[in-house]
Amino acid sequence: MKRTKPQEWEFSLFYNTTKGLSNCHPQQTISLQRLFDIYQSPYLQDKSIELSTATDEEKEKIKAQLPYITYSGIYSYRNNESILQYNSNLLALDIDKLPTKQDAIDLQFHLSLQQGCIISCVSPRGKGVKAFFYLGCEIELKNHYHTLKENVSLIAQELGIVEWEKHIDTAQFVQCQALFIGWNKHSYFNLQAIPTEWKLGEVKKKEMSVSLPTRLKHTSIPHSIEQKRIYKYIDKITEKLEDLFFELNGNNRHPNIWRIGGIKNCLHYAPLMEGEIKQRLFNAVVGMYKDEQEAINVRAVISFNEIWKNTTQKENSILEQIIKEEEAKRKLEEEEKNKKRLTEQSIN
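For the structure given in this document, a descriptive report is provided here.

About the cut-offs
Residues numbered from 1 in each chain as written. Predicted model: local features only at pLDDT ≥ 70, side-chain atom pairs only at ≥ 80, totals over all residues. Heavy atoms only, no water. Helix = DSSP H or I, 4+ residues; strand = E, 2+ residues; numbered from the N terminus. Buried < 20%, exposed > 50% of the residue type's maximum accessible area, 1.4 Å probe, protein only. Contact = heavy atoms within 4.5 Å. Lys, Arg positive; Asp, Glu negative; His and termini not counted. Charge placed at Lys NZ, Arg CZ, Asp CG, Glu CD. Pairing = 2+ DSSP bridges. Salt bridge = Lys/Arg side-chain N within 4 Å of Asp/Glu carboxyl O.

## Topic: the overall build of the chain
Scanning the chain from terminus to terminus reveals 12 helices and 11 strands. Overall size of the chain, expressed as C-alpha extent along the three principal axes, is 90 × 50 × 40 Å. Across the 348 residues that make up the chain, the buried fraction comes to 45%. Within the chain, counting contacts between residues at least 6 apart in sequence, those at least 24 apart form 75% of the total. Of note, the chain has its 47 positive side-chain charges centred 3 Å away from the centre of its 46 negative side-chain charges.

Here it is in structure tokens:
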């Protein structure tokens, strides 16, 4: 499951011009070399130049047309539980909101000179830098985020960027965090980098609410026709709400978060789906905003969590009808079996 050499690293690539960041279904798996190629593709150059001069309103629409990856590895669905392959010694840095474009250019060049640097690129808007480093140690999967967050000062010190430490976006340390791919002429790529000589400090494990990810844990497998119909219905109404959230903007966003309760209250019919559905809806809510930090700042995340926590289960007429129909079918099948058995007994 782990990949410890850059030549072995692989990523899930996500690309959906309609849903943008709210799309959580990967399109394909790519290698590091393929990632280099995409960074330098004509399409990405054109879109990145477009993004660099866009207004704030235009920015989100153009950004949705950019592909993004999960830097930490391969996923069947973009949530922590659905990881299939883990790049255990890859450090991804997103250093943003720098004072000037020249600061970003200087920082990008400085990082490219550091041992272990695989990628360093100025962002399309010109005031941020993204970088990948090949670490001389592995990051424990179950403690991924906390290990990196608690080591941010050490990382800044070892890379000689202490003055920019407060600009390191720790949200990028989230295991399944999206990393958008954008072109800039100030870029550096090195597939043959050697690992850093420095290592991350050990961090005490935090209590985790989920167990070690497995290939199928992100969704349960329905075994009966009744379960399949229930799962299909819940998946369909979730997708409709995801689409609605994607269309909302401005003052229409927050007042509609309550709608997640309409799905939460029927998940008792399919309890094994709850983790997946919650993650999908969370991603959709956050996707209405510029980024997760903005969603936190405007209390969208708090509203989501409160609604999810306080919503109680309710009876759903459509799901009840499905259960009744399938129960009637089972009774009919049982009666037919009994008739057949009695007929066979009478013959014998």
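## A short note on the pairing of strand S7 (residues 90–95)
For S7, the tally of buried residues reaches six of six residues, placing the bulk of the element in the interior. The alternating pattern of S7 places Leu90, Ala92 and Asp94 and Leu91, Leu93 and Ile95 on opposite faces, both of which are buried. Two elements, S7 and strand S9 (residues 129–134), share six bridges in a ladder whose sense is antiparallel. Bridge assignment links Asp94 to a residue of S9, and that residue is Lys130.

## A look at unusual backbone geometry
Not every positive phi belongs to a glycine, and Lys97 is a case in point at roughly 55 degrees. Assignment of secondary structure puts Lys97 in the loop between S7 and helix H4 (101–112). A positive phi angle, near 70 degrees, is found at Arg299, a position not held by glycine. Summarising the element assignment, Arg299 is placed in the loop between helix H10 (292–297) and helix H11 (300–310).

## Structural notes on the pattern of salt bridges
Within the structure shown, the criterion is met by 10 salt bridges. A salt bridge links Glu326 to Arg229; the nearest nitrogen and oxygen atoms lie 2.8 Å apart. One end of the pair, Glu326, is in helix H12 (residues 317–347); the other, Arg229, is in helix H7 (residues 225–247), with 97 residues separating them in the sequence. The shortest N-O distance in the salt bridge between Asp235 and Arg280 comes to 2.7 Å. With Asp235 in helix H7 and Arg280 in helix H9 (residues 274–286), this residue pair connects regions lying 45 residues apart in the sequence. A cluster of three or more residues bridged by salt bridges with shared partners is formed by Arg229, Glu325, Glu326 and Lys329.

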